[in-house]
Each structure stands twice: as C-alpha cells, then as structure tokens.
Amino acid sequence: MHNTNLAVENHAHDLGQRFIQLFGGSPRIYQAPGRVNLIGEHTDYNDGFVMPAAIGFCTRVSIAPRHDRKLVIHSENYSEQVEFDLDRLPAARARHWSDYVIGVVQMLVRSGKNLGGANLLVDGNVPLGAGLSSSASIEVAVGYALLDLGDRALDQTELDRTEIERPKDDRTNIDRTKLALLCQQAENEFVGARCGIMDQFVASHGEHGKALLLDCRSLEYRLLPVPGDVALVICNTMVKHSMAKGEYNQRRAECEAGVRGLSKHLPNARALRDVTPEDLEAYGRELPDVVMRRCRHVIGENARVLQAAAALELGDLQAFGNLMRESHRSLRDDFEVSCSELDLMVELAEQAEGVYGTRMTGGGFGGCTIALVQVDCVEAFKRTVQEGYERSTGCKPEIYVCSAADGVGRLA
Ligand code: GLA
C-alpha cells in the first residue's frame, strides 16, 4: 500500500513537472478510472441492472486556469495540442480525441456553468478500443476537473504538498450522478455514440474493493465487496472493437422494436426492464426471431445480475461464476455480440485452475474478457491463457490483473 502511494505521488509529481514545462503555472491533477463489467451486459440502455467495477487504469487531467477565454488541451497520448475559444466552440464533433473533452465542455456550458479559460494536460493508460471505457474516463476526469476548478480559486502551493489524499465530496460539492449523466450526454449528443449510463456512472462512483450494483432506471446503487482473495483478470483479445458502433446502435434499435411489439400486450412496458420471462414466453412468438432473441438476452441478463448480487453478498463465488458463464452464452448466441477471439479466450480461461467464472465484458465484437480467479492461481492462469491464445491466433494477448478501484477524484 505504501509503495502504491509512493508511485502515485511520483507520477503526480512528474505530471506536474510536465505541465509546468508545457504551460508554466502549477496545476491541479485529477484522475478518473476505466471500468470492467462483471455482469449485466447491454442492459443499461434497457433501464436494467449492471455490475461494473472501476479499475486501476485511468485518465489523468492536469489543469490550471488562464486569464483569457481559451481552452488549450494537450494530449500526452497523441503528442498533440489543440486550442479552442470558449465563445466559439465547435457545434459538431471532429472525429478527433478532443471530441470527448469538447463534448463535456459543451454540456457544461449548456447546463449553465460559467467556465473560464484553462490549460489542460490529458494523459491516460486505459487501453484504447479494448472495451474498458477509456472514453468515459476522459469525460469524467475532464468534467470533474472543470467543475472543481470552477468552484474554488487555485491554490498555487498545493502541488508542493507531500501527502496525497482524495478530497471528500463534501469539499468539492460535486454531484457525481449529475456528472455521470452530463458525460453520457456528451457521448450521446456530441460524440455520437448511443451508450448507456454504466461507464460514466462507475467512473464517477466507483470504490476501492467494491463492485457496484446499479439500477439504470432509478440510478440507485449498492456497493458490493469483492472478496480480497479474488483477482479480476482482464484478457485483451487485441481485436479492437471500434468499428462496432453501427452494431451497437442496431442492437439498441432491436431492443426498442421488442418493447414496441410487446407493449401491445403489456401497455405499461416502457423498456425491456418491465418485461418478465413469463411475458416473453407468452408473447415473444409474435416477434421476429432476431428481436425475440435480443429480448431473451436482456430479460435473462437482468435476472442474472440480481442473482449475482445475492451470490456475491453471500460470498458464493461458484454461483456467481456460473451466472457469468450463462451471461457469455447468452451474449454469444442470443445477443450475438461476441466474436471467435472472445469465445476462444473464454474457453481457454475455463481450462485454467482456480477460475470461478469468465465472460466477455463491455460492448463486444472484440475487446476483453473478464475472469474471476483465485489470487494464488493467477500466474498459472496467465500462462495457460497467453500460450493457448497465441498458439491458436498467432497474436499475443495482454492480460491485466486488477482489483476494484476508486472513482474520479483529485490526485494533487
Ligand atoms: C458499452 C456502453 C455501455 C453498455 C455496454 C454494454 O460499454 O458504453 O453503456 O451499453 O457497452 O453493456
């Protein structure tokens, strides 16, 4: 723990120095995490249930105010700097990394926030296009940074502090749920991806050692402890999922078609959340086969999330793992968002010792799987999966051993 703090402290110091090199002036530094979803896939935009956890990969935003109305944004990942005038912000996306920043700025302005000019240094280590929500982590880090900067004058001496602590919400007064909604809106309306609320919500509300059971309709949530002797092992197929936006939007449309079809019999059904397995049994026959299967996945998955939450609370990891397996089968066969590489990764993980359960995670069509693995079996797991995957595909996968991490906060 002590070493981790030291590493964080050093990194914050390096970022501060880099900022001074680029812009001069001492910044405040914020970070927001990526996420992995344990169970509850493609349920968020159906008003359903999800169970993500924040992970150690994150985006860091260093920021200091300017005296003019400019936003100067430097991306360390793309080695590129862009400049915007707050009074002439672009109305549409440019298909550029800065869209995620400007989208959030636009939504803050639209919500009535009075923003001043600022210099921003953006630096992240969330793998891109891997389904670990790098975009939500940028949005939430930027949103939180701009809100916090707006709230109080910058104290130039703060960079010299040696102790790194996460300031409490009551110090910042930032409503994390509103922040998540605003960032989702930026992604929906500015970036043009019709994502649900899961990623931005867990980047905002995540907690160390906890998964989050979220009701995506009411936005009520419960923190569930992840047992300390279990590692969240994320296996990256290295297949980028970035071309899958069309498929994602199509799945959403198919779910909406399902609700329209079923609402003839169920006038109170606003979303698939409101449809029970019995309802689908009774009326699903009238739906086109594809739409019926999409509905069957979502309705079954919602039930699985609630069962998984109960299992986790009882510490029954075998039961939790079995639900993960069912989730993967349903995503593969009914929702059809898996791919051969994800299926292979799941099969390989199943062969390793000490695995409670495994499934694809995130939107699908590439990206990552998640496995719950006994901590003392992790090294052997990595070997088995790495070798097997490379042998079958010729491609070396990346494997990340994670634990549940904190949501957005101020680092320095
Ligand atoms: C992406 C979206 C989320 C969610 C998942 C699928 O990560 O951003 O809102 O829909 O896919 O569960």
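Refer to the structure printed above.
Anyway, here's the lowdown on the structure attached to this text. (Residues numbered from 1 in each chain as written. Predicted model: local features only at pLDDT ≥ 70, side-chain atom pairs only at ≥ 80, totals over all residues. Heavy atoms only, no water.)

**Details of the overall build of the protein**
Going by this rule: In this text, helices come from DSSP runs of H or I with a minimum length of four residues, and strands from runs of E with a minimum of two, each type numbered from the N-terminal end. Between the two quantities, the radius of gyration covers C-alpha atoms and the globule rule is 2.2 Å times the number of residues to the power 0.38. Only protein chains enter the calculation, and the probe is 1.4 Å; a residue is then buried if its accessible area is under 20% of its type maximum, exposed if over 50%, and partly exposed in between. In this description, contact between two residues means that some pair of their heavy atoms is separated by no more than 4.5 Å. Shrake-Rupley sampling with a 1.4 Å probe provides the accessible areas, and residues are treated as covered by the protein chains on show and by no other component.
Helix and strand counts for the protein stand at 12 helices and 12 strands. The C-alpha radius of gyration of the protein comes to 22 Å, within 12% of the 22 Å expected for a compact globule of 412 residues. In terms of principal-axis extent, the alpha carbons of the protein reach across some 65 × 50 × 40 Å. Burial statistics for the protein: of 412 residues in total, 56% are counted as buried. Look at the contacts in the protein between residues 6 or more apart in sequence, and 73% of them connect residues 24 or more apart. When the accessible surface of the protein is summed, it comes to about 17600 Å², and 48% of that surface belongs to carbon and sulfur atoms.

**Examining the pattern of salt bridges**
Definition in use: The salt bridge definition used is simple: a Lys or Arg side-chain nitrogen within 4 Å of an Asp or Glu carboxyl oxygen.
Taken as a whole, this structure holds 25 salt bridges when the rule is applied. In this structure, E83 engages K70 in a salt bridge whose closest nitrogen and oxygen atoms are separated by 3.3 Å. Separated by 13 residues along the polypeptide, E83 in strand β4 (residues 80-85) and K70 in strand β3 (residues 70-75) bring together distant segments of the chain. Residue class for K70 comes out partly exposed when judged on its relative accessible area of 32%. A salt bridge links R222 to E313; its shortest N-O distance comes to 3.0 Å. In this pair, R222 is assigned in strand β7 (residues 221-225) and E313 in helix α9 (residues 289-314), connecting sequence segments 91 residues apart. Classification of R222 by relative accessible area gives partly exposed; the value is 41%.

**So, the packing of aromatic side chains**
Worth spelling out the cut-off: Working definition: rings of Phe, Tyr and Trp (its six-membered ring) pair if their centres are within 6.5 Å, and the pair is stacked with planes under 30 degrees apart, edge-to-face with planes over 60 apart, and tilted otherwise.
Enumeration according to the criterion identifies six aromatic pairs in this entry. Seen from their ring centres, Y78 and W97 are 6.2 Å apart, and the 10° between their planes marks the pair as stacked. On the criterion of sequence distance, the pair formed by Y78 in the loop between β3 and β4 and W97 in the loop between β4 and α2 (98-110) is long-range, its members being 19 residues apart. Its relative accessible area of 10% is what places W97 among the buried residues.

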